[in-house]
Amino acid sequence: MLTIITSADPETQLMALVLTRSAMEAGERPHILLCSAGGDLALKDAPASATAPLQPKGASPQGLLKMLMSGGVGVEVCAIYLPNRPFGAEALLDGVGVAKPEDMGARIAAPGETILSF
């Protein structure tokens, strides 16, 4: 299962991660790809919208992302995310990688792969 997050909207980001967690609890082995504004979730110094608690449970998008990572979910930013920012990989949370297009393409093309895109 691959969850792709590009949205800058924190409610959309959080819902994408809630659904990813639910799928994991149902037996899926998710992987998360963060692109464009979604990549900001992976920053050590993330925007306030990524860290602010949302209702109904007071979770933040980045908080849930970190929880998923601690449970073994792989997280990567798109290959073009960092080259278009004024910082490098040092700005990313520990454990966040940079996706290789050929690897991501193979994952997307794999038979039976579920893709969620937000």
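That block above? That's the structure.
Scoring rules and cut-offs
Residues numbered from 1 in each chain as written. Predicted model: local features only at pLDDT ≥ 70, side-chain atom pairs only at ≥ 80, totals over all residues. Heavy atoms only, no water. Phe/Tyr/Trp six-rings, centres within 6.5 Å; stacked < 30°, edge-to-face > 60°. Axes fitted to C-alpha atoms, helices over the stretch in contact; angles between N-to-C directions. Helix = DSSP H or I, 4+ residues; strand = E, 2+ residues; numbered from the N terminus. Parallel < 35°, antiparallel > 145°, perpendicular 65-115°, else oblique. Left-handed = near helix turned anticlockwise from the far one by under 90°. Contact = heavy atoms within 4.5 Å. Buried < 20%, exposed > 50% of the residue type's maximum accessible area, 1.4 Å probe, protein only. Arc of directions from axis to C-beta. Expected span 1.5 Å × (residues − 1). Salt bridge = Lys/Arg side-chain N within 4 Å of Asp/Glu carboxyl O. Pairing = 2+ DSSP bridges.

A. Just the packing of aromatic side chains, in detail. Scanning the model with the defined rule gives 1 aromatic pair in all. An angle of 55° between the planes, with centres 6.4 Å apart, marks the rings of Tyr81 and Phe87 as tilted.

B. Geometry of the packing of helix α1 (residues 10-25) against helix α3 (residues 61-70). Between α1 and α3, the shortest axis-to-axis distance is 9 Å and the interhelical angle comes to 25°. What the angle tells us is that α1 and α3 run roughly parallel. Note on packing geometry: the crossing formed by α1 with α3 is left-handed. Contacts between α1 and α3 pair Pro10, Gln13, Leu14, Leu17, Val18, Thr20, Arg21 and Met24 from the former with Pro61, Leu64, Leu65, Met67 and Leu68 from the latter.

C. The arrangement of α3 in detail. For α3, the complete set of buried residues consists of Pro61, Gln62, Leu64, Leu65, Leu68 and Met69. Along α3, the residues classed as buried sweep out an arc of 160° about the axis, all on the same side. Against the buried residues of α3 lie α1, β2 (31-34), α2 (48-51), β3 (74-77) and β4 (96-98). Once α3 ends, the next one or two residues include Gly72, with phi positive near 100°.

D. Fine view of α1. The terminal C-alpha atoms of α1 lie 22 Å apart, and with 16 residues this matches the ideal 22 Å at 1.5 Å per residue to within 8%. Taken together, the buried positions of α1 are occupied by Gln13, Leu14, Ala16, Leu17, Thr20 and Ala23. Elements in contact with the buried residues of α1: β1 (2-5), β2, α3 and β5 (115-117). One or two residues past the end of α1 sits Gly27, with phi positive at roughly 115°.

E. Just the side chain of Thr3, in detail. Position of Thr3 relative to the elements: it lies in strand β1. Ignoring sequence-local partners within four residues, the contact set of Thr3 consists of Ala16, Thr20, His31, Ile32, Leu33, Leu116 and Phe118.

F. View of the pattern of salt bridges. Taken as a whole and judged by the stated rule, the model has 2 salt bridges. Where Glu25 meets Arg21, a salt bridge forms, and the shortest distance between an N and an O atom there is 3.9 Å. Taken together, the residues span about one helical turn, with Glu25 and Arg21 both in helix α1 at a distance of 4 residues. Glu25 sits in the exposed class, given a relative accessible area of 61%. Between Asp94 and Lys44 there is a salt bridge, and its shortest N-O distance comes to 4.0 Å. Of this pair, Asp94 sits in the loop between β3 and β4 while Lys44 sits in the loop between β2 and α2, placing them 50 residues apart in sequence.

G. Up close: the sheet that holds β5. The strand order β4-β3-β2-β1-β5 describes an open sheet built from 5 strands, whose pairing is parallel. Since the sheet does not close on itself, it has two edges, and those belong to β4 and β5, each with one partner. Within the sheet, the average angular offset between the axes of one strand and its neighbour, ignoring direction, is 25°. Pairing analysis gives 3 bridges linking β1 to β5, with the strands arranged parallel. In the strand pairing of β5, Leu2 is matched with Ile115. Each of β2, β3 and β4 touches α3; the most contacted strand, β2, lies at about 140° to it.

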